[in-house]
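Structural characterization, general
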Amino acid sequence: MTVTTRFAPSPTGNLHVGNVRTALHNWMWARRHGGRFLLRIDDTDLERSKEEYVEGIRADLAWLGLDIDGEERQSARFDLYEAEFQKLKAAGRVYACYETPDELDIRRKVLLSRGLPPVYERKPDGAPVPEGVAPHWRFRLDHDAAIEWTDLVRGPQHFEPKTMSDPVVRRADGSWLYLLPSVIDDIAMGITHVVRGEDHVSNTAAQIQMFEALGAAPPAFAHEALLVGTEGKLSKRLGSLGMDNLREQGIEPIALVALLARLGTSDPVEPVTHAAPLVESIDFARFGRAPARFNEAELALLNQKILHHLDYETVANRLPAGIDAVRWHAIRPNLMTLAEAAEWVPVFDGPFTPPVPDAGDRPVLAAAAAAATELDWSADPWHALGAAVKEATGAKGRALFLPLRRALTGRDHGPDMAELLPLIAKDAAVARLSAQ
Ligand code: GLU
């Protein structure tokens, strides 16, 4: 059986880091097993679903490198849901209900006030049916068999169906709630593993009986602990932290992948430059039960570390024209974001005006300008320059190197000058050192 997973977002908003994490784990699991990863657009809610969000979801997955093996849309599958619904109805596994929301609410409160669990009470067979009222529909749970599964993250799970309300699966206007179409699709699409947040655990209990009622074996389930912010809650910030926002901050997709792949697991977060080692090592048994804490500062730091190792080929199409492979290698250890690479183009190619030097640094710079003219730029000009200036002026250490770095790059810090200097044309370097 081909391992098949799906990511099933409702296109009612943009993806945030929480949904992206679920998508990532589904993708990793499929890739690890040479399987298939499907995108299922859960757009049964035609009012709230928007095409722009569908496009945004596709674009975000592509940006993250989560390639899909197929896309399905629930709104194109209503005929199938209807057919399966009719089968369940004929078998007595879905039944019509006529209560209004107010009636249900009052009944719930009465049960709670008596210290009873607020479980939906089925009407006895033959109970009177109100006239002219369109029913909504519930799935009849089988009360006789305990619901059990071994969750890949949470271990053995046990639910008593008697303690659960028969779930509503269809509204009076004929529209679908999430539970049943999802099961019908999981069967039709051959889903072998459902990977989703632990907020779905009780849905799973009901859905397992739906799989059985539709004559299918349930897939394996992995319910991951939720993602929370640093303050330990499902913060507003986290819920709204979209990919656009991260992209604007200069976060590399592989950095987000590296963090979300491992957060909340017992495997360490590592500054990988490709997803392959993460894919190879995914194991739901090492996912923790405690909420995974997402920290933006940790992401920024990881992003920097990863950036410092990214191959030229990986970033070439996003670099300015002036940054070739050699220049990339020289500057990458000092970048916080890829966008900063642009700031180095004038250092290499001009236009560049060196800062006005401190008076005390002038002798060093004068000696450097004179020495640079004589140097073989194809050898190791930085060390030769240092040696020549030291001999001419007696300066050493910081007093020697800092004025040179400042005059040549305009900054106090930056890439290794031995790597950088040969990449600046000799006449440009001489001009900068002479510009006092
Ligand atoms: N559309 C559902 C959600 O976003 C899918 C849940 C599932 O993976 O089955 O919660």
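Positions within a chain are numbered from 1, following the residues in the order the chain's sequence is written. In keeping with the predicted nature of the model, local features appear solely for residues at pLDDT of at least 70, side-chain atom pairs appear and are counted solely at 80 or more, and the whole-chain, interface and lining totals rest on all residues. Based on all heavy atoms of the structure, the side-chain values leave hydrogens and waters out of the count.

The name that an unreviewed UniProt entry assigns to the chain is Glutamate--tRNA ligase, with the source organism given as Sphingopyxis jiangsuensis. UniProt positions are given in the numbering used here, feature names are shortened, and annotations may be inferred rather than shown by experiment. As stated in UniProt under Subunit (unreviewed entry), the record for the chain gives "Monomer." Recorded in UniProt for the chain, the comment headed Subcellular location (unreviewed entry) runs: "Cytoplasm".

1. Comments concerning the nonpolar core
Remark: nonpolar core denotes a set of buried residues (Ala, Val, Leu, Ile, Met, Phe, Trp, Tyr, Cys) joined through side-chain atoms within 4.5 Å. In this scheme, a residue with accessible area under 20% of its type's maximum is buried, one over 50% is exposed, and one in between is partly exposed, where area comes from a 1.4 Å probe on protein chains only. Formed by 91 residues in total, the largest nonpolar core has its most connected members in Leu256, Phe294, Trp328, Leu385 and Leu433. Those residues in contact with Leu256 that lie beyond four places of it in its chain are Val17, Val20, Leu64, Met243, Leu246, Ile251, Phe294 and Leu299. Grouped together as the second largest cluster of nonpolar side chains are 30 residues, Tyr81, Trp137, Val169 and Val201 included. Any two residues whose heavy atoms approach within 4.5 Å are treated as being in contact.

2. A look at the sheet that holds strand S3 (residues 70-73)
Here a strand pair is declared whenever DSSP counts at least two bridges between the two strands. Secondary structure counts use DSSP, requiring at least four H or I residues in a row for a helix and at least two E residues in a row for a strand, with both numbered from the N terminus. Strands sit in the order S1-S2-S3 across an open sheet of three strands; the sheet is parallel. At either margin of the open sheet sits one strand with a lone partner, and together these are strand S1 (4-7) and S3. Going across the sheet, the axis of each strand differs from the next one's by a mean of 30°, ignoring polarity. Here S1 pairs with strand S2 (residues 36-41) via four bridges, running parallel. Angular values range over 0 to 180 degrees, each being the angle between N-to-C directions of two axes fitted as lines to C-alpha atoms, with helices fitted over their stretch in contact.

3. As for the packing of helix H17 (residues 397-409) against helix H19 (residues 426-434)
Taken N-terminus to C-terminus, the directions of H17 and H19 make an angle of 115°; their axes are 8 Å apart at the nearest point. Where H17 crosses over H19, the two elements pack in a sense that is right-handed. Contact with H17, carried on its side by Leu404, Ala407 and Leu408, involves Ala429, Arg432 and Leu433 of H19 and no other residues of that element. Throughout, the ten residues Ala, Val, Leu, Ile, Met, Phe, Trp, Tyr, Cys and Pro are labelled nonpolar, Asp, Glu, Lys and Arg are labelled charged, and all others, Gly among them, are labelled polar. Residues that form the contact of H17 with H19 fall into these classes: five nonpolar, no polar and one charged. Put simply, a crossing is left-handed when the front helix is turned counterclockwise from the back one by less than a right angle, and right-handed when it is turned clockwise.

4. Some thoughts on the environment of Ala220
Locating Ala220 in the fold gives a position in strand S10 (residues 220-224). With relative accessibility at 26%, the residue Ala220 sits in the partly exposed group. Not counting residues within four places of it along the chain, the set of residues in contact with Ala220 comprises Leu152, Thr192, His193 and Val194.

5. Focus on the sheet that holds strand S4 (residues 94-97)
A sheet is described by the order of its strands in space; here three strands give the open sequence S4-S5-S8, paired in antiparallel fashion. Edge strands, defined here as strands with exactly one partner in the open sheet, are S4 and strand S8 (168-170). Averaged over neighbouring strand pairs, the angle between their axes works out to 45° when direction is ignored.

6. Focus on the site of the ligand
Lining the immediate environment of the ligand, one finds Arg6, Ala8, Ser10, Asp42, Tyr178, Ser182, Arg196 and His200. Residues adjacent in sequence count toward polar contacts only when both atoms are side-chain atoms; beyond that, a polar contact is any pair of N or O atoms within 3.5 Å, and within protein one must be able to donate a hydrogen and the other to accept it. Ala8 places a main-chain nitrogen or oxygen 2.7 Å from a nitrogen atom of the ligand. Between Tyr178 and the ligand, the recorded distance is 2.6 Å, taken from a side-chain N or O atom to an oxygen atom. Here the ligand, which alone exposes 300 Å², has 77% of that area covered by the protein. Split by residue class, the shell around the ligand holds two nonpolar, three polar and three charged. The nearness test applies per residue and asks whether one of its heavy atoms lies within 4 Å of the molecule or strand. In these tables, accessible area is a Shrake-Rupley quantity obtained with a 1.4 Å probe, and a residue counts as shielded only by the protein chains included in the view.

7. Things to note about the UniProt feature "binding site: ATP" (unreviewed entry) in the chain
Look at the UniProt record and you will see "binding site: ATP" (unreviewed entry) annotated at Lys236. Mapped onto the elements, Lys236 comes out in helix H7 (residues 236-240).

8. Concerning empty space enclosed by the protein
Cavities and pockets were defined on a 1 Å grid built from protein atoms only: a cavity is a group of points that admits a 1.4 Å probe but offers it no way out, a pocket is an open group of points flanked by protein on both sides within 12 Å along at least five of seven lines, and a lining residue is one with an atom within 4 Å of any such point. Grid points are joined across faces, edges and corners, and a volume is the space filled by probe spheres set on the points. Inspection of the entire model under this criterion finds two cavities of 30 Å³ or more. For the largest cavity, the calculated volume is near 50 Å³. Every residue lining the largest cavity is listed: Met28, Ala261, Arg262, Thr265, Asp267, Leu278, Ser281, Ile282, Asp283 and Phe287. The residue inventory of the lining of the largest cavity, partitioned by class, reads five nonpolar, two polar and three charged. Of the voids in this model, the second largest cavity is the one considered here, and its volume is about 40 Å³. Considering the residues around the second largest cavity, the lining is formed by Arg21, Glu224, Ala225, Leu263, Gly264, Thr265, Phe287, Gly288, Ala290 and Ala292. A breakdown of the residues in the lining of the second largest cavity according to their chemical character gives five nonpolar, three polar and two charged.

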